[in-house]
Amino acid sequence: MRIVVVGAGMAGVQTAVALRDQGHEGEVLLLGAEPHQPYDRPPLSKDVLLGKAEHSRFDIDFPGRGIELLLGRRATGLDPVRRVLGTDGGELEYDRLVLATGARPVALPGQSARTHLLRTHDDAVALKGALRPGARIVVVGAGWIGAEAATVARRLGCEVTVVEAAPVPLAGALPAEVTEGMRGWYAEAGVELRTGAAVGGIVDGDVRLEGDPGATVLLTDGTELGADAVVVGIGARPDTGWLDGSGIVLDDRGAIAADDRLRTSAEGVLAVGDCASFPSARYRTRLMVHHWDNAVQGARVAAANALGGEQQYDPVPYFWSEQFGRMVQYAGHHCPGDTLLRRGDPEAADWSALWLRDGVPVALLAVDRPRDLVQGRRLLERRTPLDPALTADPAVQLKAA
Ligand code: FAD
């Protein structure tokens, strides 16, 4: 049986490895559009950008594991009836197909030559070259990527301004009551944070300095920010455009709408990682999770089910971010209306926050409190009710009521 995996990021690579771990002896083909050996993304905005690591390649012996790598090869279309994948290097037949094409960063219209996205190894190398001491760096977006890029740029001695359209940082991920206090992290690091500021355009050259080779970020309120480089971190969308016409059902965010076994609408085709969404029985909603842990956990389930298994995928989502000298970790999934319970003073060096629904924790945010994360994640998985008074005391270990 030939299993083709499209996308050689974390989800695709882990699926290919899991197929072997789970005893598949037939062919495994792993197709990746990028020419590089497969690599991990989180280090790109951390050690690779900082210059502590040259690359973040996976330490996997692909030939030794019987995984045929087809790099620099892009899938261009799919005919699930004939079980044929179209690629820029010709057609490939498959018995089972796993889609793991990840996400593409959202770009601003009319970007200048000084504009950088941060998704690929090549992006990180290009941006690193611009992060020279004293360089003026404007980061558009105070989300996860923007915060990490700003952290590194500042550590490398750049002058950093972060422009965010929302009134607070991380507005897309967390409620304002939690993120409001994070403003101080920017100030403390010497980063200027301009919230409620929309970017109207970016043009080549500093319009205020004749002959300057930089760029100007034009804000809609008329402000002009001179920049030697601009980093755009305003989100990512599932990379699924190439499936147009294939009949594979997408959800309203453009993610491949998988079922709770990560199977798509086409027979023999599964989807995993950033490119897919799945119905969460635990949270009673469809989740699209753009984080590393989902790519790793989902891959094992996708591999098992590609081999005929019936494993349900119902994770407690998890991610981490390293920003402004802090380790920020989140597990679970909260909704507006869930009760926020603080654990520790948000002005302190470390604190946590939990979200409860009917006394049961549904999500946890931990800032430099890894033990809370580990203990809380267990409670989230088991849906263990908590005593709010005890939980609010950071000196007491997180445990069941
Ligand atoms: P991807 O990693 O995007 O891999 C998909 C691959 O498919 C890509 O290599 C792409 O080139 C390829 N592809 C796309 N289309 C085609 C096609 N048509 N044919 C062939 N190949 C194709 N998460 C965390 O939890 N914590 C972090 O600290 C963190 N840091 C991050 C830092 C950065 C800079 C980035 C970009 C992401 C970070 N993430 C982090 C998110 C995490 O890396 C992603 O969730 C994870 O990489 C998703 O893996 P994936 O395999 O689904 O997608």
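For the structure, check the block above.
This write-up is about the structure you can find in this document. (Residues numbered from 1 in each chain as written. Predicted model: local features only at pLDDT ≥ 70, side-chain atom pairs only at ≥ 80, totals over all residues. Heavy atoms only, no water.)

Quick look at the site of the ligand
Taken together, 35 residues sit near the ligand, with Ala-11, Glu-34, Arg-41, Lys-46 and Arg-119 positioned nearest. Residue Lys-46 places a side-chain N or O atom 2.6 Å away from an oxygen atom belonging to the ligand. Between the ligand and the protein, one listed contact pairs a nitrogen atom with a backbone N or O atom of Ala-75 at 2.8 Å. Coverage of the ligand by the protein amounts to 95% of the 1,000 Å² it exposes when considered alone. When contributions to the shell around the ligand are tallied by element, the ones reaching two or more residues are α1 (10-21), β2 (28-32), α4 (144-155), α7 (292-306) and β22 (318-323). Viewed by domain, the shell around the ligand spans two of them, domain 1 (3-104 + 236-306) and domain 2 (115-232), each represented by three or more residues. (Near = heavy atom within 4 Å. Polar contact = N/O pair within 3.5 Å; in protein donor to acceptor, adjacent residues only side chain to side chain. Areas by Shrake-Rupley, 256 points an atom, 1.4 Å probe, with all protein chains shown as cover. Helix = DSSP H or I, 4+ residues; strand = E, 2+ residues; numbered from the N terminus. Domains from an automatic or database assignment.)

What to know about the pattern of salt bridges
Should their charged atoms come close, side chains of opposite charge can pair. Here the structure, examined in full by the defined rule, presents 22 salt bridges. Notably, a salt bridge pairs Arg-82 with Glu-91, separated by 3.3 Å at the nearest N-O pair. Relative accessible area serves as the criterion here: at 55%, Glu-91 is assigned to the exposed category. Residues Arg-369 and Asp-372 are paired through a salt bridge, measuring 2.7 Å at the closest nitrogen-oxygen approach. Put simply, Asp-259, Asp-260, Arg-261, Arg-263 and Glu-310 are held in one network by salt bridges that share partners. (Salt bridge = Lys/Arg side-chain N within 4 Å of Asp/Glu carboxyl O. Buried < 20%, exposed > 50% of the residue type's maximum accessible area, 1.4 Å probe, protein only.)

Quick word on the environment of Pro-336
The topology assignment puts Pro-336 in the loop between β23 (326-332) and β24 (339-343). Taking the C-alpha atoms as reference points, Pro-336 and Leu-174, separated by 162 residues in sequence, lie 9.9 Å from one another.

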